[in-house]
Amino acid sequence: MFILSPILVLQLLILKPGVQVEPQEGASLKTLAKDPYILAAAGAITFANMGIAMLEPSLPIWMMNTMNSEKWQLGAAFLPASISYLIGTNLFGRIAHGMGRWLCCMVGLIIIGISLICVPFAKSIYGLILPNFGLGFAIGMVDSSMMPTMGYLVDIRHSSVYGSVYAIADVAFCLGYAIGPAFSGFIVTAIGFPWMLFLIATICIIYSPTMVLLKNPPAKEEKMSLIMNERNQSIKYVSYNQQQQATKSNETSDNDEF
């Protein structure tokens, strides 16, 4: 041990080994923003979160005017949505991969629309439990399926550098929470609280069929060739035992005698 260590030190000083890492250049943010499939996934994230974003500033006011709710009920109304979102994101992380992430997102958008339509029909805080639970659960379905889809789209259509595409996903997420509170007061004043929810619910349901585009998104030719090569590669494992080796050695010896 003590003899080898000086030799290693001399090799490091004289040879000076080094590893040169070539960084992989990713697609620009502008290129990714022009990709229609990435935009379709980003739009699903935006519309899915826009509904709950519109509810947050307007639902407490509507509860005070129609239900005469107490102050503690104004915040407690969103508790089912928070719990179900936690359940949905953890549950559909694996389920979405099996059933198809595009299908999981499409079903989630439809459930969001149905849940938003049911909110104005609630007569008390207890009537809001089921719609808000379904709303948070469906948003978890969309988020847990579209975030991996963003990375998959970059893998097959661009270079495998994920910083820019997840920046687009974060922007889409924040855009929903920016548009919702900004326009909810104006829309409620113009058409009323129920019609505002009907409007955003209709947008989510109409947008849901666009997820079919993400079922089999086309890949670039060089990316597709790499994927097909990986699928077509078959590895054969050959196991040898001592008996087979002995028979082979006997056969070779017999052949040498002839």
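Okay, so let's go over this structure. Keep in mind it's a predicted model, so treat the numbers as computed, not measured. (Residues numbered from 1 in each chain as written. Predicted model: local features only at pLDDT ≥ 70, side-chain atom pairs only at ≥ 80, totals over all residues. Heavy atoms only, no water.)

## Side note on the overall build of the protein
And step 1. Within the protein one finds 11 helices and zero strands.
And step 2. Looking at the 258 residues of the protein, the share that counts as buried comes to 38%.
And step 3. When the accessible surface of the protein is totalled, it reaches about 16,100 Å², and 65% of it is carbon and sulfur. (Helix = DSSP H or I, 4+ residues; strand = E, 2+ residues; numbered from the N terminus. Buried < 20%, exposed > 50% of the residue type's maximum accessible area, 1.4 Å probe, protein only. Areas by Shrake-Rupley, 256 points an atom, 1.4 Å probe, with all protein chains shown as cover.)

## Some words on the environment of Leu213
And step 1. Here Leu213 lies in the loop between helix H9 (193–207) and helix H10 (221–232).
And step 2. The spacing of Leu213 and Tyr37 is 176 residues in sequence and 7.1 Å in space, taken between C-alpha atoms.

## Here's the deal with the layout of surface pockets
And step 1. By volume, the largest pocket is sized at about 250 Å³.
And step 2. Only helix H5 (79–99), helix H6 (101–118) and helix H7 (129–157) provide two or more residues apiece to the lining of the largest pocket.
And step 3. Here the lining of the largest pocket is composed, by residue class, of five nonpolar, four polar and two charged.
And step 4. Space inside the second largest pocket adds up to approximately 170 Å³.
And step 5. Along the walls of the second largest pocket sit Asn49, Ile52, Glu56, Phe78, Ala81, Ser82, Tyr85, Leu135, Gly136, Ile139, Phe173 and Tyr177, which together make up its complete lining. (1 Å grid on protein atoms, 1.4 Å probe; cavity = no way out; pocket = protein on both sides within 12 Å on 5 of 7 lines; lining within 4 Å. Points joined across faces, edges and corners; volume = space filled by probe spheres on them. Nonpolar A, V, L, I, M, F, W, Y, C, P; charged D, E, K, R; others polar.)

## Observations regarding the pattern of salt bridges
And step 1. Tallying each qualifying case throughout the model produces one salt bridge.
And step 2. In this structure, Arg157 and Asp35 form a salt bridge, with 2.8 Å as the shortest nitrogen-oxygen distance. You can see Arg157 sitting in helix H7 and its partner Asp35 sitting in the loop between helix H2 (29–33) and helix H3 (36–66), a full 122 residues away along the chain. The residues Arg157 and Asp35 share a single accessibility class, namely buried. (Salt bridge = Lys/Arg side-chain N within 4 Å of Asp/Glu carboxyl O.)

## With respect to the environment of Phe78
And step 1. Note that Phe78 resides in the loop between helix H4 (71–76) and H5.
And step 2. Sequence separation of Phe78 and Ile52 is 26 residues, and the distance between their C-alpha atoms is 9.2 Å.
And step 3. Each residue touching Phe78, except ones within four places of it in the same chain, is listed here: Ile52, Leu55, Glu56, Leu59 and Pro60. (Contact = heavy atoms within 4.5 Å.)

Treat this as a map of the structure, not an account of what it does.
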